Amino acid sequence: MWIDAAEVSETPPSHHAIKVHHLMCMELIQLVTRVSVLLPEIEAARPGCSSGREALCRLNSEIDKAKTLHQHCSESSKLYLAFTGDTILSRCKKSRNLFEQSLSQVQNMVPVSLAAEISQLIAELRGVIFSLDPSEEEGGKVIKELLHRYVNTIDSAEEYVFEAIQVAMWKLHITSLKALSIEKRSINEMIDRVGEGETTKRRILSIFLKLLNKHGKSIVIEQNK
């Protein structure tokens, strides 16, 4: 939900830059690399029918989308990435499935030796399992519950809000003043890029920023006592 392709550039950063969903992004970019290595050979084989050309277009398109998702996880707010974890997990699975489907479609349209390589890659794709990091998943659940209560004013008691954002920050390793500053800057940058029609996304980001401005510094100081 609320992942905007316009927020990211084409070239994926190093794995060390990934803020949240590190293992998933590493798995995804490894798939992109494997597919990208074979793609020039597949294109050179000229699978000429319309279905073959469509499959090639889908492969190229999905490579770009996977790179976009990878960079999204490097540039966005940690709180927001944890909040949208289920969506990112679904998107990684979708990329894997689309790679598999498109490769299967062109497999019988290329020379035998290349078809064997494609078959091996398809087997590798089927063996890839994406999953959320348990700590980040727990952080995401805490954030969702916090937002639900905060937005619906079911229970916005200061003690609950403080404890919830404290747990989320700890789970997502926002445990220093530097990390807190980076997180707030990431939120501000995302707010600046929010489209006119994305009022829900803007509201969520604004809530995150408000809570960090109010509680972030005291939480970091308390965690480092």
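Please refer to the structure placed before this passage.
Report on the accompanying structure.

What counts and what doesn't
- Residues numbered from 1 in each chain as written.
- Predicted model: local features only at pLDDT ≥ 70, side-chain atom pairs only at ≥ 80, totals over all residues.
- Heavy atoms only, no water.
- Axes fitted to C-alpha atoms, helices over the stretch in contact; angles between N-to-C directions.
- Helix = DSSP H or I, 4+ residues; strand = E, 2+ residues; numbered from the N terminus.
- Parallel < 35°, antiparallel > 145°, perpendicular 65-115°, else oblique.
- Left-handed = near helix turned anticlockwise from the far one by under 90°.
- Contact = heavy atoms within 4.5 Å.
- Nonpolar A, V, L, I, M, F, W, Y, C, P; charged D, E, K, R; others polar.
- Buried < 20%, exposed > 50% of the residue type's maximum accessible area, 1.4 Å probe, protein only.
- Expected span 1.5 Å × (residues − 1).
- Arc of directions from axis to C-beta.
- Core = buried A, V, L, I, M, F, W, Y, C linked by side-chain atoms within 4.5 Å.
- Phe/Tyr/Trp six-rings, centres within 6.5 Å; stacked < 30°, edge-to-face > 60°.
- Lys NZ or Arg CZ within 6 Å of the ring centre and 35° of its normal.

### Quick notes on the packing of helix α7 (residues 158-171) against helix α9 (residues 199-223)
- Between α7 and α9, the least distance of the axes is 10 Å, while the angle of their chain directions is 65 degrees. In this view, α7 runs roughly perpendicular relative to α9, as classed from their interaxial angle. In the packing of α7 onto α9, the handedness of the crossing is right-handed. Listed contacts from α9 to E158, V161, F162, I165, Q166, M169 and W170 of α7 are L211, L212, K214, H215, G216, S218, I219, V220, E222 and Q223.
- The residue inventory of the contact of α7 with α9, partitioned by class, reads nine nonpolar, five polar and three charged.

### Observations regarding the environment of S113
- Relative to the helices and strands, S113 resides in helix α5 (residues 112-127).
- Of the residues examined, S113 reaches a relative accessible area of 56% and is grouped as exposed.

### Side note on α5
- Spanning 16 residues, α5 covers 23 Å between terminal C-alpha atoms, matching the ideal 22 Å at 1.5 Å per step.
- Along α5, the residues classified as buried are L114, A115, I118, L121, I122 and L125. Projected down its long axis, α5 carries its buried residues within an arc of 120 degrees, all on one side. In α5, the exposed positions angled more than 90 degrees off the buried face are occupied by V112, S113 and G127.
- Elements that come into contact with the buried residues of α5 comprise α1 (22-44) and α4 (85-106).

### Structural notes on the nonpolar core
- Of all hydrophobic cores here, the largest spans 68 residues; its most connected members are L79, L103, I118, I143 and F208.
- With residues up to four places along the chain from it excluded, the contact list for I143 reads L79, A82, F83, A168, L172 and F208.

### Here we look at the packing of aromatic side chains
- Under the definition given, this model contains two aromatic pairs.
- Measuring from ring centre to ring centre gives 6.3 Å for Y80 and F83, while their planes differ by 50 degrees; the resulting arrangement is tilted. Residue Y80 and its partner F83 are both found in helix α3 (residues 78-83); the two are separated by three residues, about one turn of the helix. One exposure class covers both Y80 and F83, and it is buried.
- Each ring, one from F83 and one from F208, has its centre 6.5 Å from the other, and the planes form 80 degrees; the classification is edge-to-face. Here F83, found in helix α3, pairs with F208, found in helix α9; they are 125 residues apart in sequence, far enough to count as distant. In this pair, the class of F83 matches that of F208, namely buried.
- Grouped by ring-pair contacts, the aromatic residues Y80, F83 and F208 constitute a single cluster.
- Taking the ring centre of Y160 as reference, the NZ or CZ of R149 above it sits at 4.5 Å.

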